[in-house]
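Here's the letter readout for the chains.
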Amino acid sequence: MPTQLSRRGLLRGVTAAAAAATLAPVLAACGGDSEAATTDPAGSVTIGLLSNGAAKETTLKVSEVKSISAELPDALKKTGKLVIASGSLPSGSAPLSYVGSDQKTLTGCEVDLARLVAAVLGLEPEFQQATWENMFIAIDSGKSDVGFSNITVTEERKKKYEFASYRKDDLAFEVREDNSWTFDDDYENLAGKTVSVGSGTNQEKILLEWKAKLEQEGKNLTVKYYQDNNSIYLALSSGKIDVYLGPSPALSYHAAKTAGTPQATRVAGRFSGAGATLQGLIAATAKKGSGLAQPLADAIDHLIDSGQYAKWLAAWNLSGEAVAKSEVDPPGLPLDNS
C-alpha cells in the first residue's frame, strides 16, 4: 500500500533535470508503429539512446527470466511480442516519450522501461504511437497489449484496466520565470488564474474539482486546453495562460532546458497525482482481465531487485521518483477527490 501522506508532505523541492538540450522535433501527426532502439546485443538493453542530452546513455545487462515469462498469457507466448502503446502524439514530452536525435526513433524514460520489462519477459518490444485518448482505445481493442506512457492509477480507470506500478506520480505547476506566483500547497491560490492542463488526465480531474470548489466560493479559475506542448508553452510565454499543470518530470525538464533564455520558466509547486492524501503512482496499464498485470509487476520487481531499475531512473535524472516495489492495482486517485 502506498504511504498515506499529508498534502504538505507530498510537495517536494524542485529537482532540476540535468538536461539542457533542445527538445526533439514534433512527432508525426498520425498514429502507427514506431521504431525504438532495438539494436542491442542479446542479454542487454541500452537506455538513454538518442535522448538529445536528456539522459546518460547506459547499457544494462538484462535477460529473460523464465520463471516470470512462464506467467504470461498463452497468446503473448505464441507471438513473442509485447505491443506497447505510447500516448505521445501529436508531440512528445521529454523526458517521458519523444522522438530522438535521429528525428525518427521513439525514446524516453517510459520507452526504455518498457524495453527493459520486455527483455525480462523474453518478448520483442513493438511500439505504437497514438494520441492520449487513442492509446486507451488501442488497449481496449487489443491492438496494444500494454501502455507505458506516464499513466496514473485511478479508481475510475481500474474499472477497465489492470495496473503494475513502477514510479511515483507527482504533478507540477510551471510558470514564467518572472512570475512570482506559487501554489504553496493551497488550491485557493489558483483563484483568478488561467491554467492549461491535458484533457483526459488525472491532473485535469484534480484541477476541475478545484475549479468547482472555487466557483462555490464565488471565485474564478479558467481552464484552457491545447493540442500539444509547443502550443502550451507559446501560450505561457505570451501570457495567454498563467500556469501549466502537468507531469513533474516533463515540467522540470522544460524548466531546466529554458533556463537563461527569454522563454525561461520555473516550477512553482508540486502535488500528488492521486490527490491530497495519497501518493500517486504511475503504472503499466493493460486491459482488465488480460492476466498481464502480475507478470509485468514481477518483471519490474526483478529490475528493482537487480539494481537495473535504479540505474534506469538515474540515467534519466528521475531517482526521486523511485518506488520500493511494483504493486498490482494499488489504490489510485479516488472517484470523488473532493
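To keep things clear, this report deals only with the structure shown in the data block. (Residues numbered from 1 in each chain as written. Predicted model: local features only at pLDDT ≥ 70, side-chain atom pairs only at ≥ 80, totals over all residues. Heavy atoms only, no water.)

### Quick word on the environment of Tyr166
If you trace the backbone, Tyr166 turns up in strand E9 (residues 161-176). In this structure, the C-alpha to C-alpha distance between Tyr166 and Ile282, residues 116 residues apart in sequence, is 6.0 Å. Sequence-distant contacts of Tyr166, that is, excluding residues within four places in its chain, are made with Glu110, Leu113, Phe148, Ser149, Asn150, Ile282, Ala283, Ala284, Ile300, Tyr309, Trp312 and Val323. A polar contact of 2.5 Å, which involves the side chain of Tyr166, links it to the side chain of Glu110. (Helix = DSSP H or I, 4+ residues; strand = E, 2+ residues; numbered from the N terminus. Contact = heavy atoms within 4.5 Å. Polar contact = N/O pair within 3.5 Å; in protein donor to acceptor, adjacent residues only side chain to side chain.)

### What to know about helix H4 (residues 109-121)
With 13 residues, H4 ought to run about 18 Å at 1.5 Å a step, and its terminal C-alpha atoms sit 19 Å apart, in line with that. Burial runs high along H4: 13 of the 13 residues are buried. Residue Gly122 follows H4 closely and has a positive phi angle near 70 degrees. (Expected span 1.5 Å × (residues − 1). Buried < 20%, exposed > 50% of the residue type's maximum accessible area, 1.4 Å probe, protein only.)

### Some points on the pairing of strand E4 (residues 81-89)
Counting buried residues in E4 gives eight out of nine residues, a clear majority hidden from the surface. Relative to strand E7 (residues 124-131), E4 runs parallel, the two sharing seven bridges. Bridge pairing links Lys81 to Glu124 in E7. Sheet topology places E4 next to strand E8 (residues 146-147); two bridges connect them, and they run parallel. From the neighbouring strand, Ile84 faces E8, where its bridge partner is Val146. (Pairing = 2+ DSSP bridges.)

### Quick notes on the nonpolar core
In this structure, Leu116, Val117, Phe148, Leu296, Trp312 and Trp316 are the most contacted members of the largest nonpolar core, which totals 73 residues. The dominant element in this core, judged by the number of residues it contributes, is H4, at 10 residues. With near-sequence residues (within four places) excluded, Phe148 lies in contact with Ile84, Ala85, Glu110, Leu113, Ala114, Val117, Tyr166, Ala284 and Leu296. Formed by 20 residues, the second largest nonpolar core is a distinct cluster that contains Val175, Phe183, Leu214 and Val243. (Core = buried A, V, L, I, M, F, W, Y, C linked by side-chain atoms within 4.5 Å.)

### Digging into the packing of H4 against helix H9 (residues 293-306)
At a minimum axis distance of 9 Å, the contact between H4 and H9 shows a crossing angle of 100 degrees. Considering their axes alone, H4 and H9 lie roughly perpendicular with respect to each other. Listed contacts from H9 to Leu113, Leu116, Val117, Val120 and Leu121 of H4 are Pro295, Leu296, Ala299, Ile300, His302 and Leu303. When its residues are assigned to classes, the contact of H4 with H9 shows 10 nonpolar, one polar and no charged. (Axes fitted to C-alpha atoms, helices over the stretch in contact; angles between N-to-C directions. Parallel < 35°, antiparallel > 145°, perpendicular 65-115°, else oblique. Nonpolar A, V, L, I, M, F, W, Y, C, P; charged D, E, K, R; others polar.)

### Some thoughts on the packing of aromatic side chains
Under the criterion given, the structure shown has 13 aromatic pairs. For the pair Trp210 and Phe271, a centre-to-centre distance of 5.0 Å together with 75 degrees between the ring planes defines the contact as edge-to-face. Taken together, the residues span a long stretch of sequence, with Trp210 in helix H6 (residues 202-216) and Phe271 in strand E13 (residues 265-272) at a distance of 61 residues. Of the two residues, Trp210 and Phe271, both sit in the buried class. When the centroid spacing of 5.5 Å and the interplanar angle of 45 degrees are considered together, the rings of Tyr309 and Trp312 count as tilted. Within this pair, Tyr309 and its partner Trp312 are both found in helix H10 (residues 308-315), separated by three residues, close to a single helical turn. One exposure class covers both Tyr309 and Trp312, and it is buried. Aromatic ring contacts, followed pair by pair, group Phe173, Trp181, Phe183, Trp210 and Phe271 into a single cluster. (Phe/Tyr/Trp six-rings, centres within 6.5 Å; stacked < 30°, edge-to-face > 60°.)

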